[in-house]
Amino acid sequence: MDGILSKGSLATLATVATVLQFLTGTVICNRYIRKKSTGDTSAFPFISGFLSCFMWLKYGVLTEESTLILVNFIGSALFFSYTVVFFVFSVNKREVVRQMMLILCIILSATIYTSFEVDTEKSVRIIGLLCCCLAVLFFASPLSTLAHVIRTQNTDSLPFPIIVASFFVCLLWTGYGVLIGDRFIQVPNLLGGILAGIQLTLYVIYPKQKTPSSGPRYSPLVSENPIL
């Protein structure tokens, strides 16, 4: 009974924390709506987020994990909505369409495969590996920023609130993966948690300098791009 309660509580915490993290996209979309333009930003974070959520949703359906189904159904709907908003205000709609077509081809291929594969366990392994690869690629994307931080010994280019949120979300999903004995959930979230922990450690190694009360002020070397 205690195990069931523990699993249920952890599932609820992971779901709420992840959905709140997904909702940060509304802030970015609101900025696009106010400016009536996306500027030179890319739609890839939204489109890749939709791909990731959809594939984890498919994995949840295959494994009959209601928590995965719920959180990734919400995530798929949100990221699709963000992509539509981006497309409406995009200055390069052709590039958005190109990226979306690529993502849809991957989704269609995975859907056709799972529909015709009679071995359910094999389908779970293939889709699980695909989800893991996508998650690792997304978690590895800040590595270039880390190199810049270490080189300049300046953490201004790191979005502290988002990193903290990612750290706790990854820990929650790692714990949930351990409880249900699912390595496809454990491994990518553990790697994501470690990467977020490394980024948080950089704030200790390279603390932000206090802004002087007078004199010229300088902008960070690299502007902070929206990160989901």
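Residues numbered from 1 in each chain as written. Predicted model: local features only at pLDDT ≥ 70, side-chain atom pairs only at ≥ 80, totals over all residues. Heavy atoms only, no water.

A. Inspection of unusual backbone geometry at higher detail. The backbone of Lys36 sits at a positive phi, close to 60°, despite the residue not being glycine. Within the secondary structure, Lys36 sits in the loop between α2 (25-35) and α3 (44-63). Given the relative accessible area of 64%, Lys36 is considered exposed. One non-glycine residue, Gln153, lies in positive phi territory at about 55°. Structurally, the position occupied by Gln153 is in the loop between α7 (143-152) and α8 (160-180). (Helix = DSSP H or I, 4+ residues; strand = E, 2+ residues; numbered from the N terminus. Buried < 20%, exposed > 50% of the residue type's maximum accessible area, 1.4 Å probe, protein only.)

B. Fine view of the confidence of the model for the protein chain. Looking at the protein chain as a whole, the pLDDT averages 84, with 86% of positions reaching at least 70. This stretch, residues 213-228, has a pLDDT under 50; its non-local contacts, to residues over four places away or in other chains, come to 20 contacts. (pLDDT = per-residue confidence, 0-100. Contact = heavy atoms within 4.5 Å.)

C. Inspection of the packing of aromatic side chains at higher detail. Here the structure, examined in full by the defined rule, presents 11 aromatic pairs. Ring centres 6.1 Å apart and planes at 40° place the aromatic pair Phe50 and Phe54 in the tilted group. In this pair, Phe50 and Phe54 both sit in helix α3, four residues apart, roughly one turn of the helix. When the centroid spacing of 5.7 Å and the interplanar angle of 85° are considered together, the rings of Trp173 and Tyr176 count as edge-to-face. Taken together, the residues span about one helical turn, with Trp173 and Tyr176 both in helix α8 at a distance of three residues. Take Trp173: its relative accessible area is 6%, and that puts it in the buried class. Taken together, the aromatic side chains of Phe22, Tyr32, Phe46, Phe79, Tyr82 and Phe86 make up a single cluster linked through ring pairs. (Phe/Tyr/Trp six-rings, centres within 6.5 Å; stacked < 30°, edge-to-face > 60°.)

D. Structural detail: the nonpolar core. Formed by 39 residues in total, the largest nonpolar core has its most connected members in Phe46, Met55, Tyr59, Phe79 and Trp173. Looking at this core, the elements that each hand over two or more residues are α1 (2-22), α2, α3, α4 (66-89), α5 (93-116), α6 (120-140), α8 and α9 (183-205). Per element, the largest residue contribution to this core is eight residues, and it comes from α3. Those residues in contact with Tyr59 that lie beyond four places of it in its chain are Leu68, Val124, Ile127, Gly128, Cys131, Asp182 and Phe184. In this structure, Leu146, Leu202, Tyr203 and Tyr206 belong to the second largest nonpolar core, which totals 10 residues. (Core = buried A, V, L, I, M, F, W, Y, C linked by side-chain atoms within 4.5 Å.)

E. Structural view of the environment of Met55. Tracing the backbone shows Met55 in helix α3. Classification of Met55 by relative accessible area gives buried; the value is 0%. Along the primary structure Met55 and Asn72 are separated by 17 residues, whereas in three dimensions their C-alpha atoms are 8.5 Å apart. Look past the residues within four positions of Met55 in its chain and what remains in contact with it is Ala110, Ile127, Leu130, Cys131 and Leu134.

F. Examining a nonpolar patch on the surface more closely. On the surface, Phe80, Val84, Phe87, Val88, Val97, Met101 and Leu104 cluster together to form a nonpolar patch covering roughly 580 Å² of accessible area. The set of elements that each furnish at least two residues to the nonpolar patch consists of α4 and α5. Ranked by residue count, the leading element in the nonpolar patch is α4, at four residues. Inspection of the secondary structure puts Val88 in helix α4. According to the relative accessible area criterion, Val88 is partly exposed, its value standing at 48%. (Patch = residues over 30% accessible without salt bridge, like charges linked within 9 Å, V, L, I, M, F, W, Y side chains within 5 Å. Areas by Shrake-Rupley, 256 points an atom, 1.4 Å probe, with all protein chains shown as cover. Salt bridge = Lys/Arg side-chain N within 4 Å of Asp/Glu carboxyl O.)

G. Geometry of the pattern of salt bridges. Considering all chains together, one arrives at one salt bridge under this definition. Among the salt bridges present, the one from Arg98 reaches Glu95, with a minimum N-O distance of 2.6 Å. Taken as a pair, Arg98 and Glu95 lie in helix α5 at a separation of three residues, close to a single helical turn. Judged by relative accessible area, which is 27%, Glu95 ranks as partly exposed.

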